[in-house]
Amino acid sequence: MAASLKIDDELKSRVQHLANQRRRSAHWLMLEAIQQYVEREEARESFRQEALASWQAYQETGRHLTGRETRDWLKTWGTDKEQDAPERHK
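What counts as what
- Residues numbered from 1 in each chain as written.
- Predicted model: local features only at pLDDT ≥ 70, side-chain atom pairs only at ≥ 80, totals over all residues.
- Heavy atoms only, no water.
- Helix = DSSP H or I, 4+ residues; strand = E, 2+ residues; numbered from the N terminus.
- Rg over C-alpha atoms; globule rule 2.2 N^0.38 Å.
- Phe/Tyr/Trp six-rings, centres within 6.5 Å; stacked < 30°, edge-to-face > 60°.
- Buried < 20%, exposed > 50% of the residue type's maximum accessible area, 1.4 Å probe, protein only.
- Axes fitted to C-alpha atoms, helices over the stretch in contact; angles between N-to-C directions.
- Parallel < 35°, antiparallel > 145°, perpendicular 65-115°, else oblique.
- Contact = heavy atoms within 4.5 Å.
- Nonpolar A, V, L, I, M, F, W, Y, C, P; charged D, E, K, R; others polar.
- 1 Å grid on protein atoms, 1.4 Å probe; cavity = no way out; pocket = protein on both sides within 12 Å on 5 of 7 lines; lining within 4 Å.
- Points joined across faces, edges and corners; volume = space filled by probe spheres on them.

Visitor: Give a description of the overall build of the chain that names residues and reports values.
Guide: Along the backbone of the chain there are three helices and zero strands. Secondary structure elements of the chain, listed N to C terminal, follow the sequence α-α-α. Relative to the 2.2 N^0.38 estimate, which gives 12 Å for 90 residues, the radius of gyration of the chain is 23 Å and therefore markedly larger than a compact globule would have. Principal axes of the C-alpha set define a box for the chain whose edges measure 60 × 35 × 25 Å.

Visitor: Now, about the packing of aromatic side chains: what can you tell me, with residues and values included?
Guide: The final tally for this structure, using the stated rule, is two aromatic pairs. Plain terms: the ring middles of W73 and W77 are 5.2 Å apart, the flat faces sit at 90° to each other, and that makes the pair edge-to-face. Given a relative accessible area of 19%, W73 falls into the buried group.

Visitor: Just give me the short version of the packing of helix α1 (residues 9–22) against helix α2 (residues 26–61), but keep the residues and values in it.
Guide: Taken N-terminus to C-terminus, the directions of α1 and α2 make an angle of 100°; their axes are 8 Å apart at the nearest point. When the axes of α1 and α2 are compared, the pair comes out roughly perpendicular. When α1 is examined against α2, the residues V15, Q16, L18 and A19 are found in contact with a partner set consisting of A26, L29 and M30. Class assignment of the residues belonging to the contact of α1 with α2 gives a composition of six nonpolar, one polar and no charged.

Visitor: Report on the layout of surface pockets, specifying residues and quantitative values.
Guide: Considered as a void within the structure, the largest pocket measures approximately 280 Å³ in volume. Taken together, M1, A2, A3, S4, L5, K6, I7, H27, M30, L31 and I34 form the lining of the largest pocket. For the lining of the largest pocket, the class distribution of residues is eight nonpolar, two polar and one charged. Of the voids in this model, the second largest pocket is the one considered here, and its volume is about 160 Å³. Considering the residues around the second largest pocket, the lining is formed by S54, A57, Y58, R63, H64, L65, T70 and R88. Among the elements that take part in the lining of the second largest pocket, α2 stands out by supplying three residues, more than any other.

Shown next as structure tokens:
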């Protein structure tokens, strides 16, 4: 897909300066920036959707873990005594 961007002279100069420092083209730099932004926003949206689904499941079932239960479980990660996730309860 071909696209065209209009950017002001100051930003254009900054992009060109950074591209020169990185020994890349301004085009490469802008593509990289767009790709990183899209990946970050997709991850953010995925996290948001997961949080909404978790909230809905809690509202429907009332099942949950307390903060203390979660922290205690996470503290076991990467140790010889790593535990499975605790059972959710009401």
